[in-house]
Amino acid sequence: MSTSSNPLRDAQDRRLPRIAGPSGLVIFGVTGDLSRKKLMPAVYDLANRGLLPPGFSLIGFARRDWENEDFAQIVHDAVKEHARTPFREEVWQQLVQGCRFVQGDFDDDVAFETLKSTIHELDAAQGTGGNFAFYLSVPPKFFPKVVQQLKKHGLAEQKKGGSWRRAVIEKPFGHDLASAQELNRIVHEVFPPEEVFRIDHYLGKETVQNILALRFANTLFEPIWNRSYVDHVQITMAEDIGIGGRAGYYDGIGAARDVIQNHLLQLLALTAMEEPASFEADALVAEKTKVLGAVRLPKDLGKETVRGQYAHGWQGGEEVVGYLEEDGIDPASKTDTYAAIKLEIDNRRWAGVPFYLRTGKRLGRRVTEIAVVFQRAPHSPFDHTATEELGQNALVIRVQPDEGVTMRFGSKVPGTSMEVRDVSMDFAYGESFTESSPEAYERLILDVLLGDANLFPRLREVELSWQILDPIEQYWESNGKPASYPAGTWGPIEADEMLARDGRSWRRP
Ligand SMILES: NC(=O)c1ccc[n+]([C@@H]2O[C@H](COP(=O)([O-])OP(=O)(O)OC[C@H]3O[C@@H](n4cnc5c(N)ncnc54)[C@H](OP(=O)(O)O)[C@@H]3O)[C@@H](O)[C@H]2O)c1
């Protein structure tokens, strides 16, 4: 789908890298945390891998009173500190030629006019061809303002003759269904739907894309990927850190909105969906929306959902404060730093199979995984005592860190008696491939420049995800408060009880 076409290239040849055509990227909020740690380093890594066009341009927009040289220095420092690939002077020298800084507030019309003339200047000097993506790495309350300014100053117009303008919108996309729809209305007044790229950086991860390969490129798993063999599925995203300096963002949002609504429901959709007709964006989205649309909430939200808040405790040998003692947090806050919910999927493949989703901060360790847990063998010819150490078979997709897949099954313990115990078989990216995985943001920024929307949630998916979460948030709002759990543990006891009532327990990842 590259805008540049080379007659000697066969688009079907997978050995050829996908290289972006002439283009540039404007980052709003370029001085922010995300931009320094992820976006600017990802741009450099793409340049270093030869995946950006020679005249690629990067415009930073923020309030600081910087000259272009100051900005170049900031990009340089961010790249040196956070880039994945080695620093090469010649790559840097080429990249820096297209770096510009525009100073201004989002209200500042003059600044947007300067942005416009900067884009024209780069089109002429760097050959960017009028193709620009606008990355809104700004606090969510400014999303509407920035897109409206782009419209007002004629920056969002799709030009006849093929040049494009795209909007990249960070999460969260709204804080409930109504606000997501309203935001969408505003964004679509300015950009056509196919030019809007909503970021869910989980979809940029290799391990997440590998769910599709695992399921649909193999014959081994499909026959057992259903209610006849699967007992339940556990999807976990655990963080060991607290809220850090992000009190302003986090309080009032909480774990379920921050992680379940987007990342975990996307993982659920990829794990549970039917095989798409192709890997085109439309075919993928059709299957994902079908399965999200079939998600059913439990009848008793009090029993089948749990929210928690970390209290004072120990993490990695250090004493840490509880959420309510964190800087900038209202001591009466009811914001959830842990959330666990049980969902079911009303279709032939999954009827009756619970999907347990949980996420939290200040948990035992940083890990994201999907565990498909299988039923026990219908009959055991072994003595009960011989299988005491045998659990349920499981296939665990390790999303991060230590990326890979583990299969757990029973095996005979060597010796004269027939004793069976769990063992595991492992696939690790680091051992099977010599190439290290690109950062999610590298893949996603490249896809934006190529106009490839496969890995970006469409509006309908975002809406369906809010439809799933809204009733839970409303229930929590009017019932009780979060259960407490000591920092460094695996969440509140209530979450263990929730699974115990079903005769199950959480995996210790
Ligand atoms: N940080 C993460 O790890 C992360 C992860 C996932 C998603 N996100 C999302 O990414 C976005 C950015 O996050 P962040 O952590 O980078 O935020 P941040 O550190 O607070 O940065 C916000 C940026 O917006 C700029 N800004 C704020 N108000 C402005 C105004 N009125 N006019 C012009 N510029 C203004 C700031 O510029 P000044 O420096 O000039 O104030 C700064 O560059 C948010 O939507 C967030 O939800 C972040």
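Every value quoted in this text rests on a predicted model; they were computed, and no experiment measured them. (Residues numbered from 1 in each chain as written. Predicted model: local features only at pLDDT ≥ 70, side-chain atom pairs only at ≥ 80, totals over all residues.)

Scanning the chain from N- to C-terminus turns up 15 helices and 18 strands. For 509 residues, the compact-globule formula gives about 23 Å, and the C-alpha radius of gyration of the chain, at 24 Å, lands near that figure. With the C-alpha coordinates aligned to their principal axes, the bounding extent of the chain is approximately 80 × 60 × 45 Å. For the chain, the residues scored as buried account for 41% of the 509 residues in total. Pairs at least 24 residues apart make up 77% of the contacts formed inside the chain by residues separated by at least 6 positions. (Helix = DSSP H or I, 4+ residues; strand = E, 2+ residues; numbered from the N terminus. Rg over C-alpha atoms; globule rule 2.2 N^0.38 Å. Buried ≥ 20, exposed ≤ 12 C-beta atoms within 10 Å, placed from the backbone. Contact = placed C-beta atoms within 7 Å.)

On to the site of the ligand. In the region of the ligand, 19 residues are neighbours, and Gly 29, Thr 31, Gly 32, Leu 34 and Arg 63 sit closest. Among the elements that take part in the shell around the ligand, helix H1 (residues 33–48) stands out by supplying three residues, more than any other. Residues belonging to the shell around the ligand are distributed by class as follows: eight nonpolar, five polar and six charged. (Near = placed C-beta within 6 Å. Nonpolar A, V, L, I, M, F, W, Y, C, P; charged D, E, K, R; others polar.)

So, about the domain arrangement of the chain. Here the domain parsing of the chain yields domain 1 (24–170) and domain 2 (203–500). The centre of domain 1, based on its C-alpha atoms, is set 34 Å off from the matching centre of domain 2. Contacts between the two partners involve 13 residues from domain 1 and, on the opposite side, eight residues from domain 2. Listing elements by their share of the side of domain 1 that touches domain 2, those giving two or more residues are H1 and strand E5 (165–169). Sort the elements by how many residues they give to the side of domain 1 that touches domain 2 and H1 lands first, with six residues. (Domains from an automatic or database assignment.)

So, on to unusual backbone geometry. Omega for the bond connecting Lys 171 with Pro 172 falls within 30 degrees of zero, at 0°, which places this linkage in the cis form. Along the chain, Pro 172 falls in the loop between E5 and helix H6 (177–190). Look at the link from Gln 400 to Pro 401: it is a cis peptide, with omega at -20°. With respect to the element layout, Pro 401 can be found in the loop between strand E15 (394–400) and strand E16 (404–412). Residues other than glycine seldom take positive phi values, yet Arg 362 does so here, at roughly 55°. Along the chain, Arg 362 turns up in the loop between strand E13 (355–360) and strand E14 (367–374).

Attention now moves to the sheet that holds E5. Taken in spatial order, the six strands of this open sheet run E3-E2-E1-E4-E5-E6, and their pairing is parallel. Each end of this open sheet is capped by a strand with a single partner; those strands are strand E3 (99–103) and strand E6 (196–198). In this sheet, neighbouring strand axes are inclined to one another by 20° on average, regardless of whether the strands run parallel or antiparallel. Note: strand E4 (residues 132–136) against E5, five bridges, orientation parallel. Bridging from a neighbouring strand, Phe 134 pairs with Ala 167 of E5. Contacts from helix H2 (residues 68–82) reach strand E2 (57–62) and E3 within the one sheet, and its direction differs from that of E3 by about 115°. (Pairing = 2+ DSSP bridges. Axes fitted to C-alpha atoms, helices over the stretch in contact; angles between N-to-C directions.)

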